[in-house]
Amino acid sequence: QVLGLGMMLMMATAAGAQAVSKDTQVAQAVLAAPEDRRAGATVLGFENGTLVTLRQGSNDLVCLADNPATPGFSVACYHRDLEPFMARGRELAAQGVTDDKVRDQTRYDEIKAGTLKMSREPRMLYVMTGKGIDASGAVEAAYTRWVVYVPFATGDMLGLATKPAGPGVPRLMDPGTGGAHIMISPPRP
């Protein structure tokens, strides 16, 4: 009986995922990107619960639409060279690796081993989250943060702190790894 209820909930979630149109997913996905880069971004979104390319872009950004099966609102845009890294993260999550630290360490080990491609040049990630979408279509409690991937960088190399120093203060996370990144998280409103 519990299994049947679980299956019904999954089917309802998949049906709900279909309710978000392609155009709406594209419009929402690009909100994380700088305005001048939105029109040319490739957009990945959900069709019948499966991640697909909703729009092929003309620039170097890939944007990921909000997953309607997940509570809240979360979209991201990143340089196309980060797609193997991001895709591997999605693959590990689909395999049941839900611990962020385990998922990250797996990818970092694969980058170091040369089995996962990662640009050695800095690459950008933009993330927008919120509570959801209100009746007017706006993101409730929208919050944007920025991440600059700088593989194998250390705090000493960049002259950057590796521990939090307060809201809005950049810091280097995961220094020395293939996933080293500068996190810039502004104060929340």
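Higher on the page you've got the structure.
Rules of the game
Residues numbered from 1 in each chain as written. Predicted model: local features only at pLDDT ≥ 70, side-chain atom pairs only at ≥ 80, totals over all residues. Heavy atoms only, no water. Helix = DSSP H or I, 4+ residues; strand = E, 2+ residues; numbered from the N terminus. Buried < 20%, exposed > 50% of the residue type's maximum accessible area, 1.4 Å probe, protein only. Contact = heavy atoms within 4.5 Å. Areas by Shrake-Rupley, 256 points an atom, 1.4 Å probe, with all protein chains shown as cover. Salt bridge = Lys/Arg side-chain N within 4 Å of Asp/Glu carboxyl O. Pairing = 2+ DSSP bridges. Axes fitted to C-alpha atoms, helices over the stretch in contact; angles between N-to-C directions. Parallel < 35°, antiparallel > 145°, perpendicular 65-115°, else oblique. Left-handed = near helix turned anticlockwise from the far one by under 90°. Nonpolar A, V, L, I, M, F, W, Y, C, P; charged D, E, K, R; others polar.

Caption draft 1: Structural context of the overall build of the chain. A count of helical and extended segments in the chain gives six helices and ten strands. Within the span of the chain, comprising 189 residues, buried residues form 36% of the whole. Counting contacts in the chain only where the partners sit at least 6 residues apart, residues at least 24 apart contribute 46% of the total. Of the roughly 10700 Å² that the chain leaves accessible, carbon and sulfur atoms contribute 56%.

Caption draft 2: Structural detail: the pattern of salt bridges. This model, assessed by the stated rule, comprises seven salt bridges. Here Glu91 and Arg88 are joined by a salt bridge, their closest N and O atoms 2.4 Å apart. Linking Glu91 with Arg88, this pair stays in helix H4 (residues 83–94), spanning three residues, or about one helical turn. A relative accessible area of 17% places Arg88 in the buried class. Salt-bridge contacts for Arg103 lead to Asp100; the nearest nitrogen and oxygen are separated by 2.3 Å. Placement of the pair is Arg103 and Asp100 together in helix H5 (residues 100–113), with a separation of three residues, close to one helical turn. With relative accessibility at 15%, the residue Arg103 sits in the buried group. The partly exposed category is assigned to Asp100, whose relative accessible area is 47%.

Caption draft 3: View of the pairing of strand S1 (residues 42–47). Of all six residues that make up S1, five are buried, and the element is covered over most of its length. When S1 meets strand S3 (residues 61–64), the two strands line up parallel, connected through three bridges. Within the sheet, the bridge partner assigned to Thr42 lies in S3 and is Val62. In this structure, S1 lies alongside strand S2 (residues 50–55), joined through five bridges in antiparallel fashion. Paired with Gly45 across the bridge in S2 is Val52.

Caption draft 4: Here's a closer look at the packing of H4 against H5. Relative to each other, H4 and H5 sit at 135°, their axes nearing to 10 Å. Between H4 and H5, the angle falls in the class oblique. The two elements H4 and H5 meet at a crossing, and its hand is right-handed. Here Phe85, Met86, Arg88, Gly89, Leu92 and Ala93 of H4 lie close against H5, whose contacting residues are Arg103, Thr106, Arg107, Tyr108, Glu110 and Ile111. Residue composition of the contact of H4 with H5, grouped by class: six nonpolar, two polar and four charged.

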